[in-house]
Amino acid sequence: MTVHLEVAEGVGTLRLDRPPMNALDVAVQERIRELAEEATRRDDVRAVVLYGGEKVFAAGADIKEMRAMDHAAMVLRARGLQDSFTAVARIPKPVVAAVTGYALGGGCELALCADYRIAADNAKLGQPEILLGLIPGAGGTQRLPRLIGPAKAKDLIFTGRQVKADEALAIGLVDRVVPAADVYTEAHAWAAKLAQGPAIALRAAKESIDTGLEADLDTGLAVERTWFAGLFATEDRERGMRSFVEEGPGKAKFR
């Protein structure tokens, strides 16, 4: 298999494994979708790490495969490409990308589907599709400007240039930069900590934020209000409040 889902301590690692560069051909895309949907369903997966290995996250699409496609073929394929990445973005659990080496094109777009991005100090990210006479097709023109703003996104997409980890951090494309040897360990620790949290409340927080970003303020507030009230029906809410009163903040043990 070119992509694996490995589960330990409540954390599911969705691992790309197509050396040397983890090129995202159609088979890899479909496998990502399948495993994202599996991670969504599985109760033993409470948080997810996206990882491409020690050397590279994903250097982009399989250009040889794409070159063989004509317009008609890509009309049929483009929706499937987007759907595979959207399945990752819609995992209703915390998702962190552990970015090593190159995260270019589809690799960068996959990282954009995470809630949080931890990058190696030698990582390089970018959307170089314009250099092929194309534009990003797996969500880059939509998720990138929502993350870093339209002007910075247009700079990266229009020029196709790569940004190093320090610039990626400065513009908000990644959230932390750590030594290359520590990327997966740090990402797994972030995920493992959240895996111990209240699963329904985390799902509510993620859905409220993501839905609100796509809607007007009143709609976002309505989603928040509905989830907020609904959480009063959960055992985790009772556990959290009881622990706060009896033991102080931050000591609740959630199921």
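Up top is the structure.
These remarks concern the structure in this document. All residue numbers refer to positions counted from 1 along the written sequence of the respective chain. It should be noted that, the model being predicted, local features are given only for residues of pLDDT at least 70 and side-chain atom pairs only at 80 or more, the latter also being counted only at that level, while totals for whole chains, interfaces and linings use all residues. Working from all heavy atoms in the structure, the side-chain values ignore hydrogens and water.

**Points about the pairing of strand E2 (residues 11–16)**
Phase 1 of the analysis: The buried fraction of E2 amounts to five of the six residues, a majority that puts the element mostly inside the structure.
Phase 2 of the analysis: The pairing of strand E1 (residues 3–8) with E2 spans six bridges and is antiparallel. Bridge pairing in E2 links His4 to Arg15.
Phase 3 of the analysis: In this description, strands pair whenever DSSP reports at least two bridges between them. For the purposes of this entry, the term helix denotes a DSSP run of H or I that reaches at least four residues, the term strand denotes a run of E that reaches at least two, and both are numbered from the N terminus. Linking E1 to E2, which pair antiparallel, is a turn of two residues; within it Glu9 sits at a positive phi near 55 degrees.
Phase 4 of the analysis: As defined by bridge partners, E2 adjoins strand E3 (residues 47–51) across five bridges and the pair is classed as parallel. Among the inter-strand pairings, Thr13 is bridged to a residue of E3, identified as Val49.
Phase 5 of the analysis: The handedness of a crossover follows from its direction of travel: if, with the strands pointing away from the viewer, the path from the first strand over the helix to the second runs clockwise, the crossover is right-handed. As for the winding sense of the linkage, the β-α-β connection from E2 through helix H1 (residues 26–41) to E3 is right-handed. A 1.4 Å probe rolled over the protein chains alone gives each residue an accessible area, and that area as a share of the maximum for its type sets the label: buried under 20%, exposed over 50%, partly exposed in between.

**Here we look at a nonpolar patch on the surface**
Phase 1 of the analysis: Patch definition: residues above 30% relative accessible area lacking any salt bridge, with like charges linked at up to 9 Å and the nonpolar side chains Val, Leu, Ile, Met, Phe, Trp and Tyr linked at up to 5 Å. The Shrake-Rupley method, run with a 1.4 Å probe, gives the accessible areas here. Residue values count only the displayed protein chains as cover. Should a side-chain nitrogen of Lys or Arg be within 4 Å of a carboxyl oxygen of Asp or Glu, the pair is scored as a salt bridge. Taken together, Ile63, Leu132 and Leu134 make up a surface patch of nonpolar side chains, about 250 Å² in accessible area.
Phase 2 of the analysis: Within the secondary structure, Leu132 sits in the loop between strand E7 (124–126) and helix H5 (140–148).

**Side note on helix H10 (residues 217–230)**
Phase 1 of the analysis: Multiplying 1.5 Å by the residue count of a helix minus one yields the expected span of that helix. With 14 residues, H10 should cover 20 Å at 1.5 Å per step; its first-to-last C-alpha distance of 20 Å lies within 8% of that length.
Phase 2 of the analysis: Contacts described as polar in this section are N or O atom pairs within 3.5 Å, which, within protein, must combine one atom able to donate a hydrogen with one able to accept it, while residues neighboring in sequence count only if both atoms come from side chains. At the N-terminal end of H10, a side-chain oxygen is found 3.1 Å from the backbone nitrogen of Asp218, two or three residues along, and the residue is Asp216.

**Comments concerning the packing of H5 against helix H6 (residues 150–159)**
Between two packed helices, both the angle of their axes relative to each other and the distance between the axes serve to describe the pair.
Phase 1 of the analysis: Axis definition: a line fitted to C-alpha atoms, limited for helices to the stretch in contact. Angles are taken between N-to-C directions and run from 0 to 180 degrees. Direction vectors running N to C along H5 and H6 enclose 135 degrees, while the axes themselves pass 7 Å from each other. Classified by the angle their axes make, H5 and H6 are oblique. When the axes of H5 and H6 are compared, the crossing they make is right-handed. Of H6, the residues touching H5 (which contributes Gly140, Thr141, Leu144, Pro145 and Ile148) are Pro150, Lys152, Ala153, Leu156 and Ile157.
Phase 2 of the analysis: Here the contact of H5 with H6 is built from residues that sort into seven nonpolar, two polar and one charged. Angles are sorted into four bins: roughly parallel if under 35 degrees, roughly antiparallel if over 145, roughly perpendicular if 65 to 115, and oblique for all others. Left-handed describes a crossing whose near helix is turned anticlockwise from the far helix by less than a right angle; the clockwise case is right-handed. Should any heavy atoms of two residues lie within 4.5 Å, those residues are considered in contact. Under the scheme applied here, ten amino acids are nonpolar (Ala, Val, Leu, Ile, Met, Phe, Trp, Tyr, Cys and Pro), four are charged (Asp, Glu, Lys and Arg), and all others, including Gly, are polar.

**Re the layout of surface pockets**
Phase 1 of the analysis: Definitions used for this entry: grid spacing 1 Å over protein atoms alone; cavity, a set of points where a 1.4 Å probe fits but cannot get out; pocket, an open set with protein on both sides within 12 Å along at least 5 of 7 lines; lining residue, one with an atom within 4 Å of a point. Grid points are joined across faces, edges and corners, and a volume is the space filled by probe spheres set on the points. Quantified by volume, the largest pocket comes out at close to 990 Å³.
Phase 2 of the analysis: Lining the largest pocket are 30 residues, and of these Ala89, Cys113, Arg143, Asp210 and Glu214 sit closest to its centre.
Phase 3 of the analysis: Contributing elements (two or more residues each) for the lining of the largest pocket: helix H3 (71–89), H5 and helix H9 (199–214).
Phase 4 of the analysis: Its residues assigned to classes, the lining of the largest pocket shows 14 nonpolar, five polar and eleven charged.
Phase 5 of the analysis: In this structure, the second largest pocket encloses a volume near 480 Å³.
Phase 6 of the analysis: Taken together, 29 residues make up the lining of the second largest pocket; nearest its centre are Ala61, Met66, Leu81, Glu129 and Gly137.
Phase 7 of the analysis: Mapped onto the lining of the second largest pocket, the elements with two or more residues apiece are H1, helix H2 (63–67), H3 and helix H4 (106–112).
Phase 8 of the analysis: Examining the composition of the lining of the second largest pocket, we find that five residues originate from one element, H3, more than from any other.
Phase 9 of the analysis: Classifying every residue of the lining of the second largest pocket by side-chain character gives 19 nonpolar, five polar and five charged.

**A closer look at the sheet that holds E1**
Phase 1 of the analysis: The sheet built from six strands is open, its strands ordered E1-E2-E3-E4-E6-E9 with mixed pairing. Whereas interior strands pair on both sides, the edge strands pair on one side only; in this sheet they are E1 and strand E9 (176–178). Sheet twist, expressed as the average angle between the axes of neighbouring strands with direction ignored, equals 20 degrees.
Phase 2 of the analysis: Bridge count for E3 against strand E4 (residues 95–99) is four bridges, and the pairing is parallel. Across the sheet, Leu50 pairs through a bridge with Ala97, a residue of E4.

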